[in-house]
Amino acid sequence: MTLLGPVEVRALAEKLGIRPTKKLGQNFVIDGGTVRRIVRVAEVTPDDVVIEIGPGLGSLTLALLPEVARVVAVEIDPALAVQLPLTVAQMDSEHADRLSVVHADALKIGVDDLPALPTALVANLPYNVSVPVLLHLLEILPSLRRGLVMVQAEVADRLAAAPGSRIYGVPSLKAAWYADVRRAGPVGRNVFWPAPNVDSGLVSLIRRDPPETSATREEVFAAVDAAFAQRRKTLRAALASWAGTAAAAEEALVRAGVEPSARGEQLGIADFARIAENRPRP
Ligand code: SAM
């Protein structure tokens, strides 16, 4: 397998006149060991249709193509989207027909924009939008069974945090609605060009059913957002405007079997599902 190293990445960027931008979170992987590790930890199979968000110059794409049925790569930068099939044709012509490139903003894609239904997400996500992209894909693509993403280390910690931890919050709860989320190892800064000024981490997601509830996902997420908008307050106080009044919030909490003096950071997603289900309706 031929992968992109520091020399190839710089040569490609120069050819395209690309100056990596912070705005698009453009840090390209220049280390073959890292992309091989991502593919290994992702546990993809030859049947998988992988969606890769932000393929960039193709570092991870080239490591994925020999291992899976298809890679659907969604890239926002037009120059990178145009170049990717050319790079793959040159470096791995044997598997070039497995690649589809979609030039789009991953935050705005719908299932109809994709040429196939992805079964796995494997990506070195653009760091400034990693959580919204992840939640958007889990929402619109029920076909996604698993994911392995590289994100900022701090975001990896937040996504995988358990109730009671200081960094547990909205991303942890919303991701837990869709999947079992775990940290899957650290990544240093020097595997990127340019090197970011933060460490990175891998996160593994395995899809599971959401908690059983008569509330909709939107209703549950609204309760989560309300609880963490004022995370220092008790749930009785934090959920007052969400429920209408503090008394209505207390009623929902008691009916859900949650102590009204508890704080959001102590609860799991199933607790929020019960709270949303018990919100007093006018
Ligand atoms: N996967 C490549 C690698 O590992 O070298 C590049 C990863 S780089 C961290 C993030 C990539 O996401 C860049 O190519 C950037 O242009 C792209 N990107 C940024 N925002 C995006 C968005 N909203 N939708 C799709 N791609 C985006």
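Novice: What's the story with the overall build of the protein in this structure? I'm lost.
Specialist: Looking only at helices and strands, the protein features 12 helices and 9 strands. Since a compact globule built from 282 residues should have a radius of gyration of about 19 Å, the 21 Å found for the protein is in line with a globular shape. Dimensions of the protein, computed from the C-alpha atoms along their principal axes, are close to 65 × 35 × 30 Å. Expressed as a percentage of the 282 residues in the protein, the buried residues total 52%. Of all intrachain contacts in the protein linking residues separated by at least 6 positions in sequence, the fraction that spans at least 24 positions is 71%. Working note: accessible area of the protein is about 12700 Å², and carbon and sulfur atoms make up 51% of it.

Novice: Even after reading the chapter, I still don't get the sheet that holds strand 2 (residues 49-53), so can you show me in this structure?
Specialist: Whether parallel or antiparallel, the strands of a sheet pair through hydrogen bonds between backbone atoms. The mixed open sheet is built from 7 strands, whose spatial order is 4-3-2-5-6-9-7. Looking at which strands have only one partner, the edges of the open sheet turn out to be strand 4 (99-103) and strand 7 (179-187). Pairs of neighbouring strands in the sheet enclose a mean axial angle of 20°, with direction left out of account. Here strand 2 pairs with strand 5 (residues 120-124) via 2 bridges, running parallel. Bridged to Val50 within strand 5 is Ala120.

Novice: Just checking my understanding: could you explain the domain arrangement of the protein for this structure?
Specialist: Interface size is often expressed as the accessible area that is lost when the parts come together. We note that the domain assignment places domain 1 (6-207) and domain 2 (217-277) within the protein. On a C-alpha basis, the centroid separation for the pair domain 1 and domain 2 is 34 Å. Each partner contributes residues to the interface: domain 1 has 13 residues there, and domain 2 has 14 residues. The contact between domain 1 and domain 2 buries some 1100 Å² in all, and 68% of this surface belongs to carbon and sulfur atoms. By the criterion of area lost to domain 2, the three top residues of domain 1 are Leu173, Lys174 and Trp177, representing 49% of everything that side buries. Linking domain 1 with domain 2 are 2 salt bridges. Ionic pairing is found between Asp225 and Lys174, a salt bridge with its closest N-O pair at 2.9 Å. On the surface where domain 1 and domain 2 come into contact, there are 6 residue pairs in polar contact (both at pLDDT 80 or more). The biggest single contributor to the side of domain 1 that touches domain 2 is helix 7 (residues 170-178), with 6 residues. Among the residues making up the side of domain 1 that touches domain 2, the classes are represented as 7 nonpolar, 3 polar and 3 charged.

Novice: So what exactly am I meant to see when it comes to the packing of aromatic side chains here?
Specialist: The relation between two aromatic rings is expressed through the spacing of the ring centres and the mutual angle of the planes. A complete count under the given rule lists 5 aromatic pairs for this structure. With centroids separated by 6.3 Å and ring planes inclined at 40°, the aromatic side chains of Phe228 and Phe272 adopt a geometry described as tilted. Residue Phe228 is found in helix 8 (residues 217-229), and its partner Phe272 is found in helix 12 (residues 269-277); the two are separated by 44 residues along the sequence. With respect to burial, Phe228 and Phe272 carry one shared label: buried. By way of ring pairs, the aromatic residues Tyr168, Phe228 and Phe272 are connected into one cluster. Note that Arg217 overlies the ring of Phe221, its terminal NZ or CZ placed 5.4 Å from the centroid. Between the NZ or CZ atom of Arg279 and the centre of the ring of Trp242, over which it lies, the distance is 5.0 Å.

Novice: Honestly, unusual backbone geometry in this entry has me stumped. Any pointers?
Specialist: Residues other than glycine predominantly adopt negative phi, and peptide bonds predominantly adopt the trans conformation. Residue Pro194 is bonded to the preceding Trp193 through a cis peptide linkage, with omega at -10°. Tracing the sequence through the fold places Pro194 in the loop between strand 8 (192-193) and strand 9 (200-207).

Novice: Would you mind going over helix 4 (residues 78-91) with me for this structure?
Specialist: Residues spaced three or four apart along an α-helix face the same direction, because each turn holds 3.6 residues. Its 14 residues give helix 4 an end-to-end C-alpha distance of 20 Å, which sits within 8% of 20 Å, the value for a rise of 1.5 Å per residue. Helix geometry: helix 4 is bent most strongly at Leu84, by close to 30°, with proline Pro85 lying one to four residues after it. Listed as buried for helix 4 are Leu80, Ala81, Gln83, Leu84, Thr87 and Val88. The secondary structure elements touched by the buried residues of helix 4 are helix 1 (6-16), strand 1 (28-29), helix 3 (59-64), strand 3 (70-75) and strand 4. In this structure Asp77 caps helix 4, since a side-chain oxygen of it lies 3.0 Å from the backbone nitrogen of Ala79.

Rules of the game
For every chain, the first residue of the written sequence is number 1, and numbering continues from 1 onward in sequence order. Where totals are concerned, whole chains, interfaces and linings use all residues; where local detail is concerned, this predicted model gives features only for residues with pLDDT of at least 70, and gives and counts side-chain atom pairs only at 80 or more. Working from all heavy atoms in the structure, the side-chain values ignore hydrogens and water. Counting from the N terminus, the helices are the DSSP runs of H or I reaching at least four residues and the strands are the DSSP runs of E reaching at least two. Throughout, the radius of gyration refers to the C-alpha atoms, and the reference size of a globule is 2.2 Å times the residue count to the power 0.38. Residue exposure (1.4 Å probe, protein chains only): buried if accessible area is under 20% of the type maximum, exposed if over 50%, otherwise partly exposed. A contact between two residues is defined here by any heavy atoms of the two lying within 4.5 Å. Using the Shrake-Rupley algorithm and a 1.4 Å probe, accessible areas are obtained, with residue cover drawn only from the displayed protein chains. Here, strands pair whenever DSSP counts at least two bridges between them. In this description, a line fitted to the C-alpha atoms serves as the axis of each element, helices being fitted only across the stretch in contact, and the angle between N-to-C directions of two axes falls anywhere from 0 to 180 degrees. Annotation comment: domain bounds sourced from an automatic or database domain assignment. Note on terms: buried area is the combined drop in 1.4 Å-probe accessible area of two parts once they are placed together, counting the loss on both. For this document, the term salt bridge refers to a Lys or Arg side-chain nitrogen within 4 Å of an Asp or Glu carboxyl oxygen. Polar contact is the term for a pair of N or O atoms within 3.5 Å; when the atoms are in protein, one must be able to donate a hydrogen and the other to accept it, and sequence-neighboring residues count only if both atoms are side-chain atoms. Residues are grouped as follows: nonpolar covers Ala, Val, Leu, Ile, Met, Phe, Trp, Tyr, Cys and Pro; charged covers Asp, Glu, Lys and Arg; every other residue, Gly included, is treated as polar. Two rings from Phe, Tyr or Trp (for Trp, the six-membered ring) form a pair when their centres are within 6.5 Å of each other. A pair whose planes differ by under 30 degrees is stacked, one over 60 is edge-to-face, and the rest are tilted. Here, over-ring charges are defined by two tests on the NZ atom of lysine or the CZ atom of arginine: distance to the ring centre within 6 Å, and angle to the ring normal within 35 degrees. Under the convention used throughout, the expected extent of a helix is 1.5 Å for every residue step, that is, one less than its residue count. The angle separating two fitted axes, one through the seven residues that finish at a residue and one through the seven that start at it, defines the bend at that residue.

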